[in-house]
Amino acid sequence: MKNAKFVGERKFAGVDAEIGNRLIAMKPRVAALRSVRVALMQLAYALAERPASAGFLVLPDVSVTPERLRDEWRLASSVLRSDVLNRLSICTGEAEHLVGIPQDPDTETQRAISDLIAAAGPRASLSLARPEYPFTVMELLVHQWLLGKGPMTTKWLMETAGCSYPTVATVLRRFEHCLVRHSDRRVQLRAFPKEEWARLVAVSEKARGTVRFADRSGQPRSPDSLLLRLQHQDRKDIAIGGVVGARHYHPRLDIIGSPRLDISLHCPGKTADMSFIEKLDPALARTEKRDEPASVIVHLVRRADPLFQTGEAGLAWADPVECLFDLHEARLEPQAREFLNSFPTMKDQM
Amino acid sequence: MRLVSPATVLKQIAAAVPEDCRENIIIIGSLAAGYHFFGDNASLMVRTKDADCLLSPRIEAISAGVAVTERLFQRNWQFRPDAKWSTPGNESTPDDQLPAVRLNPPGVPDWFIELLTVPESPSDMNKRWVRLATSAGHFGLCSFGFLSLTNYQPISTPFGIAIARPELMALANLLEHPEIRAETMSGLIATREIKRSNKDLGRVLAIARLSVSRNEDALLDWPAIWQEAMQARFPDNWRSFMGRTGAGLRQLLNRPNDLDEARHTCEHGLLASAPPTSEQLRLVGLRLLQDAIEPLERSGR
């Protein structure tokens, strides 16, 4: 069998690879049935032109349920010509255990598809847009101020944020009214920037690239249970935030338990490796619905230095400002206020 | 299959059998699981037609089997005829063709007791019949496969008889079905013909789901007791069994039609009070693989 690889130039729209007489279309992380329908039809067009080929629509990490996929297949079956339909199938599941509709792919095809999934990059990796550096730099200024770290150099800001001098300079100019500039060119916040902070909170979900995961089993795991499993993953790019993180910094925080686990994921590059989610709980699925209770919330820390604090038992802590954003995002406003006011530098500030 | 109260059935069995045989009886199957998970809730019933009683240890199984059968007949329990057997066997009936001890309580056609025993040796995995000669006729006491796992550290009940540990019944079913076989159940389950493998592996998923309902991290404890039981029961080949623990379950999770049969048996069995969807059942399976089966398989390598 020829090695599985993505075709450089697509001969057919929607077809990602041609291996022997197999046309393979790969649509990772599909969440809408409409996308499945379009991909299925594109593959059918290609098959109509290739009477000797079989077509496989592969859906890694699909969020659409198997029931809805089978319904969609039934609809497609009612309109497609049988000579095309008989050569077409949908494949879901893990690379090692693909499930087909209407039938499982044969062993050789399974292998080819597994290779393609592997070639496409780490499972559950997320492509990321450019970081929001103004947000990052301001967050760093607040971080240093809250922790009473004193003034910082532009170089420190550049290195910690992972951006260039002009970018930092532009951001500092924008927030000039909040800053004190020292004679040695170091800068620091004049006071807690209440208005700027409110703006940061308002955009934090978008700026931090928050990704939400909900339980699909009907038996959601508690944050404690998820934490237990996270400890065993030994990932240096993960830290605990949210209520659990805030209580690490301020044990007297007035809250008992938390319905969700906030995780900060350090991803300074162009992708975020979300593979830990499935190991955390295979019943977690990404959700875009704001009204759906999420069990796990992942916040992407895009700066070069995550400022994670080393913890015990294989877990690190997200920095206090991340935890503060998490409390706001969870609509825990009284707790966010209490946590903010717990920092000695906040005395007489609000 | 009828809805029965697990505690009521256990109490009735314990009261009917000779007192000195109670410690030889371990209830296995859906009744045992039902009693374990909701025996303290009289309103929750289990849909079953049989109460499987495992007689152990093997060395006492025949004498206990005879004593139990004699006593139940004395108390007017009735032989349950089926298509093959209208009456008990006799001395001329070959061992492997003897009817099992299947007896209905007096005036209760809803369920019956069935006697089984553990295999004679760890290497004896085939289905075997041993003769029980009673004054009411001759019967066969059946043993097979991985039944010996279910008498490992059973859980005692206030009635003097024990129930098998749910996680070890799950293990026995996993090992019994390293693949989905075509053999179907002798009768229909709620109007559907169901493969035996799907029914037994569905039971595994039901036990896992009920265990998680009680303790969300329960499955993490399973590998240790599984390994302990396998080493105790199969001292020579426990390691090879460990490697194949998840094979049948993986197949089930990848086959929508088989998974739907498993879901159907759960819906009409242990999970009747809160039936899961096929997808939810698949996720139970993935959690079981991750928390219990894969760690066991890794430690067996």
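A. Geometry of the overall build of chain B. Broken down by element type, chain B carries 10 helices and 11 strands. Whereas a compact globule of 301 residues would reach a radius of gyration of roughly 19 Å, chain B reaches 19 Å, a difference of no more than 12%. Taken along the three principal axes of its C-alpha coordinates, chain B extends 50 × 45 × 40 Å. Of all 301 residues assigned to chain B, the portion counted as buried reaches 50%. When contacts within chain B are restricted to residue pairs at least 6 apart in sequence, long-range pairs at least 24 apart make up 74% of them.

B. Main features of the environment of Asp200 of chain B. Residue and element names in this part refer to chain B. Within the fold, Asp200 resides in helix α5 (residues 196-214). Residue Asp200 is classed as buried on the basis of its 20 C-beta neighbours within 10 Å. For the pair formed by Asp200 and Arg181, sequence separation is 19 residues and the distance between their alpha carbons is 11 Å. Filtering out sequence-adjacent residues up to four positions away, Asp200 remains in contact with Asn173, Glu176 and His177.

C. Representation of the pairing of strand β7 (residues 112-117) of chain B in the model. All names here are of chain B. Strand direction decides the pairing type here: strand β4 (residues 50-55) and β7, joined by 6 bridges, are parallel. Bridge pairing in β7 places Ala51 opposite Ile113. Note: strand β6 (residues 102-104) against β7, 2 bridges, orientation antiparallel. Paired with Arg102 across the strands is Glu114, a residue of β7.

D. Examining the sheet that holds strand β9 (residues 211-215) of chain A more closely. Residue and element names in this part refer to chain A. With mixed pairing, 7 strands are arranged side by side in an open sheet as β13-β9-β14-β11-β10-β16-β15. Only two strands of the sheet have a single partner each, and these edge strands are β13 (284-287) and β15 (309-310). For strand β10 (residues 238-240) and strand β11 (residues 261-266), the ladder comprises 3 bridges, and the chain directions are antiparallel. Counted as the bridge partner of Ile238 is Leu265 from β11. Against the sheet, helix α10 (residues 242-249) touches β10, β11 and β16 (316-317), its axis set at about 85° to β11.

E. Region of the structure containing the nonpolar core. Within the largest apolar cluster, 143 residues are counted, with the highest numbers of intra-cluster contacts made by Val296 of chain A together with Ile27 and Cys53 of chain B. Broken down by element, the residue count for this core peaks at 9 residues, all from helix α5 (residues 133-146) of chain A. With residues up to four places along the chain from it excluded, the contact list for Ile27 of chain B reads Leu10, Ala32, Ala51, Asp52, Cys53, Ile161 and Ile163 of chain B. In terms of nonpolar packing, the next biggest core, distinct from the first, is built from 30 residues, Ile19, Met26, Leu57 and Cys91 of chain A among them.

F. How the structure looks around the pairing of strand β2 (residues 22-26) of chain A. Residues and elements named next belong to chain A. In terms of burial, β2 is a largely internal element, 5 of the 5 residues being buried. Where burial is concerned, the two faces of β2 agree: the one with Arg22, Ile24 and Met26 and the one with Leu23 and Ala25 are both buried. Taken together, the 3 bridges between strand β1 (residues 17-19) and β2 define a ladder with antiparallel strand orientation. Residue Ala17 lies in a different strand from β2, and its bridge partner there is Ile24. Counted along the chain from β1 to the antiparallel partner β2, the turn is 2 residues long, and its residue Gly20 has a positive phi close to 60°. Sheet topology places β2 next to strand β3 (residues 54-58); 5 bridges connect them, and they run parallel. Paired with Arg22 across the two strands is Ala54, which belongs to β3. A crossover connection joins β2 to the parallel β3 through helix α1 (residues 33-49); in handedness this β-α-β unit is right-handed.

G. Expanded view of the environment of Asn90 of chain B. Residue and element names in this part refer to chain B. Tracing the sequence through the fold places Asn90 in the loop between β5 (78-79) and β6. As for Asn90 and His138, which are separated by 48 residues in sequence, their C-alpha atoms are 4.9 Å apart. Leave out the neighbours within four places in its chain, and Asn90 touches Gly137 and His138.

H. Inspection of the interface of chain B and chain A at higher detail. Listed by partner, the interface residues are 15 residues for chain B and 15 residues for chain A. Counting only elements with at least two residues in the side of chain B that touches chain A, the list comes to α5 and α10 (278-300) of chain B. Per-element tally for the side of chain B that touches chain A: the top contributor is α10 of chain B, with 7 residues. Grouping the amino acids of the side of chain B that touches chain A by side-chain chemistry returns 6 nonpolar, 4 polar and 5 charged.

I. Representation of the domain arrangement of chain B in the model. Residue and element names in this part refer to chain B. Partitioning chain B into structural domains gives domain 1 (2-149) and domain 2 (166-300). Relative placement of domain 1 and domain 2: their C-alpha centres are 24 Å apart. Contact with domain 1, which involves 16 residues of that partner, is made by 20 residues of domain 2. For the side of domain 1 that touches domain 2, the secondary structure elements donating two or more residues are α2 (30-38) and β3 (46-48). Among the elements that take part in the side of domain 1 that touches domain 2, α2 stands out by supplying 6 residues, more than any other. Each residue belonging to the side of domain 1 that touches domain 2 can be placed in one class, and the counts come to 10 nonpolar, 5 polar and 1 charged.

J. Fine view of the packing of α5 of chain B against helix α9 (residues 256-267) of chain B. All names here are of chain B. Two numbers describe how α5 lies on α9: the axes approach to 8 Å, and their chain directions differ by 65°. Between α5 and α9 the crossing geometry is right-handed. Note on element contacts: α9 touches α5 through Asp258, Glu261, Ala262, Arg263, Thr265 and Cys266, opposite Asn198, Lys199, Leu201, Gly202, Leu205 and Ala206. A breakdown of the residues in the contact of α5 with α9 according to their chemical character gives 5 nonpolar, 3 polar and 4 charged.

K. Structural view of the packing of helix α6 (residues 154-161) of chain A against helix α7 (residues 165-174) of chain A. All names here are of chain A. Running from N to C, α6 and α7 point in directions that differ by 110°, and their axes come no closer than 9 Å. With respect to each other, α6 and α7 are oriented roughly perpendicular. As α6 runs across α7, the sense of the crossing is right-handed. Where α6 approaches α7, its residues Thr154, Leu157, Met158 and Ala161 are matched on the opposing element by Tyr165, Val168 and Ala169. Of the residues belonging to the contact of α6 with α7, the class tally is 6 nonpolar, 1 polar and no charged.

What counts as what
- Residues numbered from 1 in each chain as written.
- Chains lettered and ligands numbered in written order.
- Predicted model: local features only at pLDDT ≥ 70, side-chain atom pairs only at ≥ 80, totals over all residues.
- Helix = DSSP H or I, 4+ residues; strand = E, 2+ residues; numbered from the N terminus.
- Rg over C-alpha atoms; globule rule 2.2 N^0.38 Å.
- Buried ≥ 20, exposed ≤ 12 C-beta atoms within 10 Å, placed from the backbone.
- Contact = placed C-beta atoms within 7 Å.
- Pairing = 2+ DSSP bridges.
- Axes fitted to C-alpha atoms, helices over the stretch in contact; angles between N-to-C directions.
- Core = buried A, V, L, I, M, F, W, Y, C linked by C-beta atoms within 7 Å.
- Right-handed = clockwise from strand over helix to strand, strands pointing away.
- Nonpolar A, V, L, I, M, F, W, Y, C, P; charged D, E, K, R; others polar.
- Domains from an automatic or database assignment.
- Left-handed = near helix turned anticlockwise from the far one by under 90°.
- Parallel < 35°, antiparallel > 145°, perpendicular 65-115°, else oblique.

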